[in-house]
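Here is what each chain is made of, one letter per residue.
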Amino acid sequence: MHNHQPGSKALDEMKIFVPAQANRAISFTNKEAAFYFTQSHETNHMEHAHFAGLNIAKQRIFSGYGLRADQVELDNRKSEVYVYPYKLERIYGGGLTEELWMFDAKNIVEIGIAGAVNTIGIELKGEQLDPIGSQEEAVIFHSMEGNWIIAVSSIDGQAVQLEDHLISSKANTGGFYIAVAKTADEAIALIHTARSDRRRWKRERIQRMEKFLQQQVPLASSDPELVLAMDWMNITMDQLVTKQQGDGIYAGLPWFNEYWGRDQFISLPGACLVTGQFETARNILLSFTEFQNTDELSIFFGRVPNILAPENIDYHTTDGTPRFIIQLQDYVKYSGDTQIIKELYPAVRNSIEGAIKNWVDDKGYLMHADNETWMDARDADLNSYSPRDTRANDIQALWHNQLRAGVYFAEFMNDKENAGKWNEIAAKLRLNFAADFRDETHPYLADRLDAQDQAEFALRPNQLFAFDLLEDEDFKCRATRTAWEELVYPWGVASLDRSHPLFHPFHLTPHYHKDAAYHNGAVWLWLNGIAMQRMIELGQEETAYKLFKNMNWQALNLGVVGGLAENMDAYPQPGERWAKLTGAYLQAWSNAEQLRVWYQYFLGLRPDLIQHTLTIAPRIPAELQSLDYLVKVGTGQIQASYKRNNAYRTYHYSFADIAVGVVIDIAPFEIARLEVQPGCELTVKQMEDHLQLTLQDKDAKVIKELRANLSAARTVEAERNRKQLLGIAFAEPLDLEHHPVIKL
């Protein structure tokens, strides 16, 4: 459609055809405070349809539209639908075509219509959406929610007519603009600007996406489906990085279009750090710091908000603040920006000292209320559906990492007193944790301790975050296997094991409230990240990649086009082979964790510019024959490639504008270390019995050669892990007719 329209060969090759039976969610944002949601053929989702159409700053503006061409209603159900990163296209019979565009930082939607002969028409949908004014140029409405004004006008400025809610114009006008502002004059002025600047706006939106994919996260591979999935997940992840209240990351769409402390900092590595968007990451950290609780008399002193919404700031969560401090450290590791430590050290100190004053017990544990972890759903009487008591295992792991990050920041600031104090608390916590969260009968960690120091051994995925507190490698291997086979389904990680009395396999069902299943059986796709990470750390990248590939397939074929949902059922519905998607249709941390694990653990690039090091630990699955990719580090970048043949694997790294100590970690070989300077190129050949490393300078002169042989200790470790994990399989649904817990 519209050959004169701006386009992009690279982005156009990403277009996805949506068959009518799939009826997928389609979503775009303006990268500020607006998003548009529809379904490809019929917007009928039992929960999402409420948010159909345009939404701005958590207010519904209008609920979509219907179109007419030459007096005939266009039926989306009979259209061919193609989704591009930057637009939606529907093709109807008779050569009629519809396009939907949003524009960056503009509250206006363009609906292009081509192929009509005489007239075209549009009717806005929504409750109580009646015209409040009409003139030759535009029809004016009041928004469904909030005090917004909507103006509807033709694209080229020809007159529009209003008759019984249908706005019509001549076919050659090209379609309609729907602009939103605080006054009618402002909305009409926005339409006037769009008429003169639309091509530039479209070109800028396309170029932003092209630049992001080609300069920040370029990827080529022998597997084109991998490239397509990663490109789409990067695009849908980036559309959630917005400026609604300063820089931030929407937790998810359609109902989490706000900043959550927990979600934002879980998402930050995959959204901003591995993609090299360090300025955005810095702005997010600084922006959230402004909302830290600084009231020393409050029990929430030092906490950052759990929810930062246009109408609400809430501090009732324990894990958001540790994640904030941990991500501050991760940001410095990636960017090398130590100046931010000086700016934010008071916030770091307050976050730790506030916790010590109000929430830390004599064992060094960080206490919390029953619903102040990520498993926070409560019933009408405010009783937790998923009790975590006073000391959950994942909270202790986060608190330990917050303390260790605080020690680094304190040492950098020459605050020896706090560095020593915080280090002592971290050491005490670590010692007590190993004793209190394990026993002789369970091959996995306790989920929590109650107020009487009793361990509760519900098998949940939270333990995966706490393994770094343990020294016993054999136990960690057994616990990983237990968690994988009991909790990790082919479609993701369940929140509770199948035999627990609280297990609910379906998220949305008439048999119980959906929140009874939310953290008691429902699958959470963000947990795939830590599950895959733990498996890769044990040398099982092939097992992890099965789950990774499933998520790539899902992003391309199910649910919202190009992204991952919040939840899924633990079990497929009767007669189905794949579980049903539930929750938010696009969830930031689901996308982000898929991206983080790809870069940090499959590709294995983990910078630590605090220590002037870059770990390169690739764990690339056997089915991938070649890769070309780029990673930003500090002010420079690393262009990398990988090739596999029958004799050996070759890894190649080119270092631009970066000097760093490189650690080559390819198990089970000896770890190799060398210093690289800007312009250097490093080639690693992986043979059956050794690694051959060749470092060349910018003039292609060989300046160092190393050989890394098989490590006896790492070989023993790898063999132990292989034996313990031999035959590992995904969790499988139990027969509902004979289910030990569920009686539907």
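Computed from a prediction, not measured in an experiment: that's the story for all the values here. (Residues numbered from 1 in each chain as written. Predicted model: local features only at pLDDT ≥ 70, side-chain atom pairs only at ≥ 80, totals over all residues. Heavy atoms only, no water.)

(A) View of the overall build of the protein chain. Summing up its helical and strand segments, the protein chain has 15 helices and 43 strands in all. What you see for the protein chain is a C-alpha radius of gyration of 27 Å, in line with the 27 Å of a compact globule of 744 residues. With the C-alpha coordinates aligned to their principal axes, the bounding extent of the protein chain is approximately 80 × 70 × 55 Å. Out of the 744 residues in the protein chain, the part that is buried amounts to 62%. Nonlocal contacts in the protein chain, meaning residues at least 24 apart in sequence, comprise 62% of its contacts between residues at least 6 apart. Here the protein chain has roughly 28,300 Å² of accessible surface; of this, 48% comes from carbon and sulfur atoms. (Helix = DSSP H or I, 4+ residues; strand = E, 2+ residues; numbered from the N terminus. Rg over C-alpha atoms; globule rule 2.2 N^0.38 Å. Buried < 20%, exposed > 50% of the residue type's maximum accessible area, 1.4 Å probe, protein only. Contact = heavy atoms within 4.5 Å. Areas by Shrake-Rupley, 256 points an atom, 1.4 Å probe, with all protein chains shown as cover.)

(B) How the structure looks around the environment of Tyr-642. Inspection of the secondary structure assignment puts Tyr-642 in strand S37 (residues 636–644). With ten residues separating them along the chain, Tyr-642 and His-652 place their C-alpha atoms 6.4 Å apart. With residues near it in sequence (within four places) discarded, Tyr-642 still touches Ile-620, Leu-624, Gln-625, Ser-626, Leu-627, Arg-649, Thr-650 and Tyr-651.

(C) Seen up close, the pairing of strand S5 (residues 59–62). Bridge analysis of strand S4 (residues 53–56) against S5 gives three bridges, and the strand direction is antiparallel. Residue pairing across strands places Leu-54 opposite Phe-62, the latter belonging to S5. Counted along the chain from S4 to the antiparallel partner S5, the turn is two residues long, and its residue Ala-57 has a positive phi close to 50°. (Pairing = 2+ DSSP bridges.)

(D) Expanded view of a negative patch on the surface. Taken together, Glu-73, Glu-123, Glu-163 and Asp-164 make up a surface patch of like negative charges. Residue position: Asp-164 is located in the loop between strand S16 (161–163) and strand S17 (166–170). (Patch = residues over 30% accessible without salt bridge, like charges linked within 9 Å, V, L, I, M, F, W, Y side chains within 5 Å. Salt bridge = Lys/Arg side-chain N within 4 Å of Asp/Glu carboxyl O. Lys, Arg positive; Asp, Glu negative; His and termini not counted. Charge placed at Lys NZ, Arg CZ, Asp CG, Glu CD.)

(E) Main features of empty space enclosed by the protein. Following the criterion strictly, the structure yields four cavities of 30 Å³ or more and no others. Estimates place the volume of the largest cavity at around 110 Å³. Along the walls of the largest cavity sit 14 residues, with Arg-303, Thr-321, Ser-351, Ala-355 and Leu-366 positioned nearest its centre. Of all elements in the fold, only helix H6 (320–335), helix H7 (339–358) and helix H8 (393–412) reach the threshold of two or more residues within the lining of the largest cavity. Per element, the largest residue contribution to the lining of the largest cavity is three residues, and it comes from H7. Roughly 80 Å³ of volume is contained in the second largest cavity. As for the second largest cavity, its lining consists of Phe-28, Thr-29, Lys-31, Pro-85, Arg-205, Arg-208, Met-209, Ile-235, Asp-238 and Gln-239. For the lining of the second largest cavity, the secondary-structure elements that each account for two or more residues are strand S2 (25–29), helix H2 (184–216) and helix H3 (224–238). When residues of the lining of the second largest cavity are assigned to their parent elements, the largest contribution, three residues, is made by H2. (1 Å grid on protein atoms, 1.4 Å probe; cavity = no way out; pocket = protein on both sides within 12 Å on 5 of 7 lines; lining within 4 Å. Points joined across faces, edges and corners; volume = space filled by probe spheres on them.)

(F) View of the packing of aromatic side chains. This structure, assessed with the given rule, holds 37 aromatic pairs. Aromatic pair Phe-37 and Tyr-585: ring centres 4.7 Å apart, planes at 20°, arrangement stacked. Here the residue Phe-37 occupies a position in strand S3 (residues 34–39), and Tyr-585 occupies one in the loop between strand S32 (581–582) and strand S33 (586–587), the gap between them amounting to 548 residues. Exposure class is identical for Phe-37 and Tyr-585. Each is buried. (Phe/Tyr/Trp six-rings, centres within 6.5 Å; stacked < 30°, edge-to-face > 60°.)

(G) Structural context of the environment of Trp-260. Within the fold, Trp-260 resides in strand S22 (residues 256–260). As a C-alpha pair, Trp-260 and Glu-675 span 415 residues in sequence and 40 Å in three-dimensional space. Excluding residues within four positions of it along the chain, Trp-260 makes contact with Ala-251, Phe-288, Asn-306, Ile-307 and Asp-376.

(H) Representation of the sheet that holds strand S13 (residues 131–134) within the structure. Strand order in the open sheet made by the nine strands is S1-S8-S9-S10-S11-S18-S15-S14-S13, with antiparallel pairing throughout. Edge positions in the open sheet fall to strand S1 (16–18) and S13, since each of these has one partner strand only. Looking at each pair of strands side by side, their axes are set apart by 20° on average, direction ignored. As judged from the six bridges shared by strand S10 (residues 97–102) and strand S11 (residues 108–114), these two strands associate in the antiparallel manner. By the bridge assignment for S11, Met-102 is matched with Val-109. (Axes fitted to C-alpha atoms, helices over the stretch in contact; angles between N-to-C directions.)

(I) The arrangement of the nonpolar core in detail. Counting 254 residues, the largest nonpolar core has Leu-54, Ile-150, Trp-598, Leu-627, Phe-655, Ile-664 and Leu-682 as the members making the most contacts within it. The biggest single contributor to this core is H2, with ten residues. Once residues lying within four places of it in the same chain are set aside, the contact partners of Leu-682 are Tyr-651, His-652, Tyr-653, Phe-655, Val-662, Ile-664, Leu-674, Leu-693, Thr-694 and Leu-695. (Core = buried A, V, L, I, M, F, W, Y, C linked by side-chain atoms within 4.5 Å.)

(J) How the structure looks around the layout of surface pockets. The calculated volume of the second largest pocket comes to roughly 750 Å³. Forming the walls of the second largest pocket are 31 residues, and the residues nearest its centre are Ala-22, Asn-23, Leu-558, Gly-559 and Leu-581. Elements with a contribution of two residues or more to the lining of the second largest pocket: S1, S3, helix H13 (541–557) and S32. The element that contributes the greatest number of residues to the lining of the second largest pocket is S1, accounting for three residues. A per-class count over the lining of the second largest pocket returns 16 nonpolar, eleven polar and four charged. (Nonpolar A, V, L, I, M, F, W, Y, C, P; charged D, E, K, R; others polar.)

(K) Here's a closer look at the side chain of Asp-415. Relative to the assigned elements, Asp-415 resides in the loop between H8 and helix H9 (416–436). For the buried Asp-415, which has no salt bridge, the nearest side chain bearing the opposite charge is Arg-349, at an N-O separation of 5.0 Å. A distance of 2.6 Å separates a polar atom in the side chain of Asp-415 from a polar atom in the side chain of Tyr-345. In contact with Asp-415, other than residues within four places in its own chain, are Tyr-345 and Ala-410. (Polar contact = N/O pair within 3.5 Å; in protein donor to acceptor, adjacent residues only side chain to side chain.)

(L) Summary view of the environment of Ala-640. Looking at where Ala-640 falls in the secondary structure, it is placed in strand S37. Residue classification places Ala-640 among the buried residues on the basis of a relative accessible area of 2%. The sequence separation of Ala-640 and His-738 amounts to 98 residues, and the corresponding C-alpha distance is 52 Å. Excluding anything up to four places from it in sequence, Ala-640 contacts Leu-627, Asp-628, Tyr-629, His-652 and Tyr-653.

(M) Highlighting the pattern of salt bridges. Under the criterion given, the structure shown has 45 salt bridges. In this structure, the salt-bridge partner of Glu-204 is Arg-200, at a minimum N-O distance of 3.0 Å. You can see Glu-204 and its partner Arg-200 sitting in helix H2, four residues apart, about one turn around the helix. Counted as one network, the salt bridges with shared partners bring together Arg-388, Asp-389, Asp-394, Asp-447, Arg-448 and Glu-456.

(N) The arrangement of unusual backbone geometry in detail. Residue Pro-254 follows Leu-253 across a cis peptide bond; omega there is 15°. For Pro-254, the location among the structural elements is in the loop between strand S21 (248–253) and S22. With an omega dihedral of 5°, the bond running from Ala-667 to Pro-668 counts as a cis peptide bond. In this structure, Pro-668 sits in the loop between strand S39 (660–664) and strand S40 (672–676). Backbone geometry places Ala-700, a non-glycine residue, at a positive phi of 70°.

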